[in-house]
Amino acid sequence: MSAPVAALRRSGEFFAFCLDTLRGLGRRPVQVREFVQQAWFISSVSILPAALVSIPFGAVIALQLGSLVRQLGAQSFTGAASVLAVVREAGPIVTALIIAGAGGSAICADLGSRKIREELDAMQVLGIDPIQRLVVPRVLASVLVAVLLNGLVSVVGVTGGYTFNVVLQGGTPGAYLASFQALGQLPDLLVGEVKAALFGATAALVACYQGMNAKGGPKGVGDAVNQSVVITFMLLFALNFVVTAVYFQVVPQKGS
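The structure presented is a predicted model; accordingly, all values stated were derived computationally and were not measured.

Considerations on the nonpolar core
- In this structure, F17, I99, V135 and M212 are the most contacted members of the largest nonpolar core, which totals 37 residues.
- Ignoring anything within four residues of it in the chain, the contact list for M212 reads F17, L111, K115, L120, P130, I131 and V135.

Quick look at the structure:
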């Protein structure tokens, strides 16, 4: 089978897997215990890295935008540009990358090890749907943690940007906040949360699919983990572009 045909086939299988997961959301019984355990695990491995990464993200954005708007003579809009960049773009992206790199890789390794030990086949023999039992709780947990973590990343990133702008660039605190109030709006925060939810679901779906289709023993599980992280990163940036383009077409921006 040629590479393009194989890639197209894998894409179709992944799409069918996503549809099966969506259908499993309404099935009973609801795996509450598994959901809570996965949410706690993903949050425990993601909170600290996300908070630490968001600080330099906010600082770099503030420094770069501060220098640019100073050249353009628009220092009063530094706050709006920095905060909107963090809330709408950097926050969801950082959240998704951390969840995919930390939580998603662990999910893929867990399901992959179950696959090579033939535990998933045993569940099917017993009449238990692995997607409803294992995948759905992990996807829901990833979505919940991504939404909550995005709020933390946004707060830490905005605080870091504010600190660096005021301390290192001599910005005015009042102007920094006033410019954001003049140009920022509630949909900016909502689209960030929507992005985080979509990114979290994407990371979990890719990790689960790669793990449940791992082959070739322990080496195959390792390859599946690597592939899940790379594929997730590629899908996240493409999905981010689509959501951002739709947002700018649907929601009118202040000052435009």
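Next comes the rest of the account.
Observations concerning the UniProt feature "transmembrane region" (unreviewed entry) in the protein chain
- Residues given the UniProt feature "transmembrane region" (unreviewed entry) here are residues 39-63, 139-164, 189-209 and 229-250.
- Helix makes up 100% of residues 189-209 and strand 0%, whereas the separation of the span's terminal C-alpha atoms amounts to 30 Å.
- Helix makes up 100% of residues 229-250 and strand 0%, with an end-to-end C-alpha separation of 31 Å.

As for helix α5 (residues 130-168)
- The end-to-end C-alpha distance of α5, which contains 39 residues, comes to 53 Å, matching closely the 57 Å that a straight helix rising 1.5 Å per residue would cover.
- Of all the bends in α5, the greatest, near 30 degrees, is centred on V136, and the proline P137 appears no more than four residues after it.
- Of the residues that open α5, the one with a side-chain oxygen 3.2 Å from the backbone nitrogen of I131 is D129.

Overview of the pattern of salt bridges
- Within the structure shown, the criterion is met by 9 salt bridges.
- Residues R9 and E13 are paired through a salt bridge, measuring 3.3 Å at the closest nitrogen-oxygen approach. Of this pair, R9 and E13 both sit in helix α1 (residues 3-24), separated by 4 residues, roughly a single helical turn.
- For E13, a relative accessible area of 32% gives the class partly exposed.
- Between K219 and D223 there is a salt bridge, with the nearest N and O atoms lying 3.0 Å from each other. Here K219 pairs with D223, and both are found in helix α8 (residues 217-250), just 4 residues apart, close to one helical turn.
- Connected via shared salt-bridge partners are E34, D110, R114, R133 and R138.

Things to note about the confidence of the model for the protein chain
- Model confidence for the protein chain is summarised by a mean pLDDT of 82, while 86% of its residues fall at 70 or above.
- Between the elements of the protein chain, mean pLDDT differs from a low of 67, seen in helix α6 (residues 173-183), to a high of 89, seen in helix α7 (residues 186-212).

Thoughts on the environment of R28
- As for its position among the elements, R28 is in the loop between α1 and α2 (32-72).
- The spatial distance from the C-alpha of R28 to the C-alpha of Q132 is 8.5 Å, given a sequence separation of 104 residues.

A word on the packing of aromatic side chains
- Considering all chains together, one arrives at 3 aromatic pairs under this definition.
- Arranged with centres 5.5 Å apart and planes meeting at 70 degrees, the rings of F14 and Y209 form a pair that is edge-to-face. Here the residue F14 occupies a position in helix α1, and Y209 occupies one in helix α7, the gap between them amounting to 195 residues.
- Pairwise contacts between aromatic rings join F14, F17 and Y209 into one cluster.

Conventions we followed
- Residues numbered from 1 in each chain as written.
- Predicted model: local features only at pLDDT ≥ 70, side-chain atom pairs only at ≥ 80, totals over all residues.
- Heavy atoms only, no water.
- Core = buried A, V, L, I, M, F, W, Y, C linked by side-chain atoms within 4.5 Å.
- Buried < 20%, exposed > 50% of the residue type's maximum accessible area, 1.4 Å probe, protein only.
- Contact = heavy atoms within 4.5 Å.
- UniProt positions renumbered as here; feature names shortened; annotations may be inferred.
- Helix = DSSP H or I, 4+ residues; strand = E, 2+ residues; numbered from the N terminus.
- Expected span 1.5 Å × (residues − 1).
- Bend = angle between axes of the 7 residues up to and from the residue.
- Polar contact = N/O pair within 3.5 Å; in protein donor to acceptor, adjacent residues only side chain to side chain.
- Salt bridge = Lys/Arg side-chain N within 4 Å of Asp/Glu carboxyl O.
- pLDDT = per-residue confidence, 0-100.
- Phe/Tyr/Trp six-rings, centres within 6.5 Å; stacked < 30°, edge-to-face > 60°.

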